[in-house]
Amino acid sequence: MSDFDETLRSLRVWDTELPAFDPDSAPGEPLPLFRAWFVAAAEAGQVEPHTMSLATVGADGRPDVRTVMLHGADGRGWHFATHATSAKGRQLAADPHAALHFYWPAQGRQVRLRGRVSSGTPEEAYADLHARSTGALAAALVGRQSEVLGSLDELARASAAAWRRAEAEPDADADTWTLYVLEPDEAEFFQGDARRRHVRLRYRATAGGGWERDLLWP
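Residues numbered from 1 in each chain as written. Predicted model: local features only at pLDDT ≥ 70, side-chain atom pairs only at ≥ 80, totals over all residues. Heavy atoms only, no water.

A.B. asks: Can you tell me about the environment of Thr-7, naming the residues and giving the values?
C.D. replies: Topologically, Thr-7 is positioned in helix H1 (residues 3-10). Residue classification places Thr-7 among the partly exposed positions, given a relative accessible area of 45%. From its side chain, Thr-7 meets the backbone oxygen of Asp-3 in a polar contact 2.8 Å long. (Helix = DSSP H or I, 4+ residues; strand = E, 2+ residues; numbered from the N terminus. Buried < 20%, exposed > 50% of the residue type's maximum accessible area, 1.4 Å probe, protein only. Polar contact = N/O pair within 3.5 Å; in protein donor to acceptor, adjacent residues only side chain to side chain.)

Right, dumping it as structure tokens:
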């Protein structure tokens, strides 16, 4: 048996006491439950609970996925940001349907969201960019995300120049930086169970602007 296979078979999940989840007590819409679970995950010591997987569809019709950072969740939807010229930015421009996935193993919880993504205003993108660290601004100023890179030396030179500019011009703007908002029409909350009786609660948007709820088999 290889080291990989031996390691893979030795791993266990949820080696901790998992919280209970009574779906009958869940709120009538997904946002309050998401916020409560997010805070609970952070308080349980979950590392980087604000990271999430973003799935989009490429021009060839094939799915694409990567990890991004949550920038907010409110009545408009779930917020994230990237360059409009990046691969995901171009994919969202061609097909604005996307999915988000959060996994918080500290509590055996997952949240899945599907819906349509819209772009925020340039003013919102600027405010988002400048609410973050100098390093985040420098990375945005480098730009060229997803383009072919000639060498690591080329990246080092561009990054150094961007850092100098970010420190000298903290109000500098990155023209292609865009705030995106996913407005879900479907949201699923998954609570793991040690006996594999996982609880899955799905919300689906109705034509009247409300939500209907279903339990799903695990």
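A.B. asks: Describe the pattern of salt bridges, naming the residues involved and giving the relevant values.
C.D. replies: Under the defined criterion, the tally for this structure stands at 13 salt bridges. Taking the shortest distance from any N to any O, the salt bridge between Glu-186 and Arg-114 comes out at 3.6 Å. In this pair, Glu-186 is assigned in strand E7 (residues 177-191) and Arg-114 in strand E6 (residues 109-119), connecting sequence segments 72 residues apart. For Arg-114, a relative accessible area of 44% translates into the label partly exposed. Between Arg-144 and Glu-147 there is a salt bridge, and its shortest N-O distance comes to 2.9 Å. (Salt bridge = Lys/Arg side-chain N within 4 Å of Asp/Glu carboxyl O.)

A.B. asks: Can you break down a nonpolar patch on the surface residue by residue, with the values?
C.D. replies: Residues Phe-4, Leu-8 and Leu-11 make up a contiguous nonpolar surface patch of about 340 Å² in total accessible area. Here Leu-11 lies in the loop between H1 and helix H2 (30-43). (Patch = residues over 30% accessible without salt bridge, like charges linked within 9 Å, V, L, I, M, F, W, Y side chains within 5 Å. Areas by Shrake-Rupley, 256 points an atom, 1.4 Å probe, with all protein chains shown as cover.)

A.B. asks: So what about the packing of aromatic side chains? Which residues, and what values?
C.D. replies: Taken as a whole and assessed by the stated rule, the structure comprises 12 aromatic pairs. Summarising the aromatic geometry, the rings of Phe-38 and Trp-104 are spaced 6.2 Å apart at their centres and angled 75 degrees between planes, so their arrangement reads as edge-to-face. Here Phe-38, found in helix H2, pairs with Trp-104, found in strand E5 (residues 97-104); they are 66 residues apart in sequence, far enough to count as distant. Relative accessible area serves as the criterion here: at 23%, Phe-38 is assigned to the partly exposed category. When its relative accessible area of 1% is taken as the criterion, Trp-104 is described as buried. One cation-aromatic arrangement involves Arg-109 over Trp-37; the distance from NZ or CZ to the ring centre is 4.1 Å. (Phe/Tyr/Trp six-rings, centres within 6.5 Å; stacked < 30°, edge-to-face > 60°. Lys NZ or Arg CZ within 6 Å of the ring centre and 35° of its normal.)

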